[in-house]
Amino acid sequence: VTAAWVGGLLLGGSLAVLAVGTAAAPPPPEVTAWIEQLGSPQYAQREAAAKHLAGVGRPALPALGDAIAAGDLEVASRGVEIVRGMMMADDAELAAAAERLLEQVATSDASAAGRLAEAALEFHQAGMAAAARERLESLGAVFRERLFAAAAPGVEIEFGAGWRGGPEDWRLLPRLRGVACVSVHGVPLDADAVGTLGRVPGVRRIDLFGTAAPDTAVAALVARLPDTLVDVRKGGKLGVSSIVQAGPCHLSAVQPGSAADKAGLRVGDTIVAAAGEPVASFEALTKRLAAFGPGETVRLEVRREGGGGVAEPFVCTVRLDAW
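What you see is a predicted model; the values in this text were computed from it and never measured.

Undergrad: Just to check I follow, could you spell out the sheet that holds strand E2 (residues 153-159) for this structure?
TA: Strand pairing in a sheet relies on backbone hydrogen bonds, with the paired strands running either antiparallel or parallel. Spatially, E1-E2-E3-E4-E5 is the arrangement adopted by the 5 strands of the open sheet, whose pairing is mixed. Only two strands of the sheet have a single neighbouring strand rather than two, namely strand E1 (142-147) and strand E5 (229-233). On average, each strand axis in the sheet is tilted by 15° relative to the strand beside it, whichever way the strands run. Two elements, E1 and E2, share 6 bridges in a ladder whose sense is antiparallel. Following the sheet pairing, arginine 146 is matched in E2 by glycine 154.

Encoded structure:
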């Protein structure tokens, strides 16, 4: 990604942020000159330009976004510091617009400018973790303390049928600390929300089940978090489980009233194929069903133990439920 392209992206994003509620006015003509002075060799000029830009407030944000992404580390550093100061403003709209701009830089720019923006966001958001959790819980997010790999403690956050938050509330997630897993079940996610998931500090697993998240956004999330397990499923739910970690897909539980139950599956059945493809394990079944959404039908081939220990073939068509 070139700096020029990122700058254009940030400019468009900033203008969209500033236009919420009112039309975005063009920045004062002197803003361009002050932006240039941020890279002046004279300390007094740099300080004066920074002070002026901070005083301009929201109209200066698009130009600051371009300057941060342009590649000059001195200018980027001062630009990030100016925007960070705006995040601390009493003006809630200015603070929110400044935070969005740094989020866009941190998400879209992998250079030093992006790292500066991410550091500024982390410093700002660390002190807001408790308030963020309280807000998310009030909107229906479920927090659980769990042990993960190597018995390391962490927090799992689940967003499901009880979630009542809006698009803006996803931006609270990066303010949290100690989050190991984020699970989203049946809650629609747009590209911005998926990008925000990529900034949750230390997250080790992200489950996206039935979110209709854009494929490009998911791909960007996976690339951004190479050490994080991102499990994406279209949202079709069969309603079975297995305690067998490897080997045949042997069902140890069938949820009452589930799609599997209605199709006649039983505890003890072994699924050997799904939608025409062999299934060698429960994990393979899960991956195969990930491509199907709620209401879609899947043909399952099952081996069922009959009388005298003789295996009997059983074929059924299942209409999947939703997560």
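Undergrad: What is the right way to look at the environment of glycine 39 in this model?
TA: Along the polypeptide, glycine 39 turns up in the loop between helix H2 (30-37) and helix H3 (43-56). A residue is classified by how much of its surface remains accessible, and glycine 39, at 39% relative accessible area, is partly exposed. Sequence-wise, glycine 39 and alanine 76 are 37 residues apart; in three dimensions their C-alpha atoms are separated by 9.2 Å.

Undergrad: So what exactly am I meant to see when it comes to the environment of alanine 219 here?
TA: One can find alanine 219 in helix H10 (residues 215-224). Given the relative accessible area of 45%, alanine 219 is considered partly exposed. As for alanine 219 and valine 230, which are separated by 11 residues in sequence, their C-alpha atoms are 9.8 Å apart.

Undergrad: Explain the pattern of salt bridges to me, please; I cannot follow it from the model alone.
TA: Working definition: two side chains of opposite charge can pair if their charged atoms are close together. Going through the model one piece at a time under the given rule, you end up with 26 salt bridges. Residue arginine 46 pairs with glutamate 74 through a salt bridge whose shortest N-O separation is 3.6 Å. One end of the pair, arginine 46, is in helix H3; the other, glutamate 74, is in helix H5 (residues 73-87), with 28 residues separating them in the sequence. Judged by its relative accessible area of 15%, arginine 46 falls in the buried class. Relative accessible area serves as the criterion here: at 37%, glutamate 74 is assigned to the partly exposed category. Close ionic contact of glutamate 168 with arginine 171 constitutes a salt bridge, the shortest N to O distance being 3.2 Å. The class for glutamate 168 is partly exposed, based on a relative accessible area of 41%. Each member of the salt-bridge network shares a partner with another, and the members are Glu99, Arg100, Glu103, Glu168, Arg171, Arg175 and Arg199.

Conventions and cut-offs
Residues numbered from 1 in each chain as written. Predicted model: local features only at pLDDT ≥ 70, side-chain atom pairs only at ≥ 80, totals over all residues. Heavy atoms only, no water. Pairing = 2+ DSSP bridges. Helix = DSSP H or I, 4+ residues; strand = E, 2+ residues; numbered from the N terminus. Axes fitted to C-alpha atoms, helices over the stretch in contact; angles between N-to-C directions. Buried < 20%, exposed > 50% of the residue type's maximum accessible area, 1.4 Å probe, protein only. Salt bridge = Lys/Arg side-chain N within 4 Å of Asp/Glu carboxyl O.

Remember that the coordinates give geometry; whether it matters functionally is a separate question.
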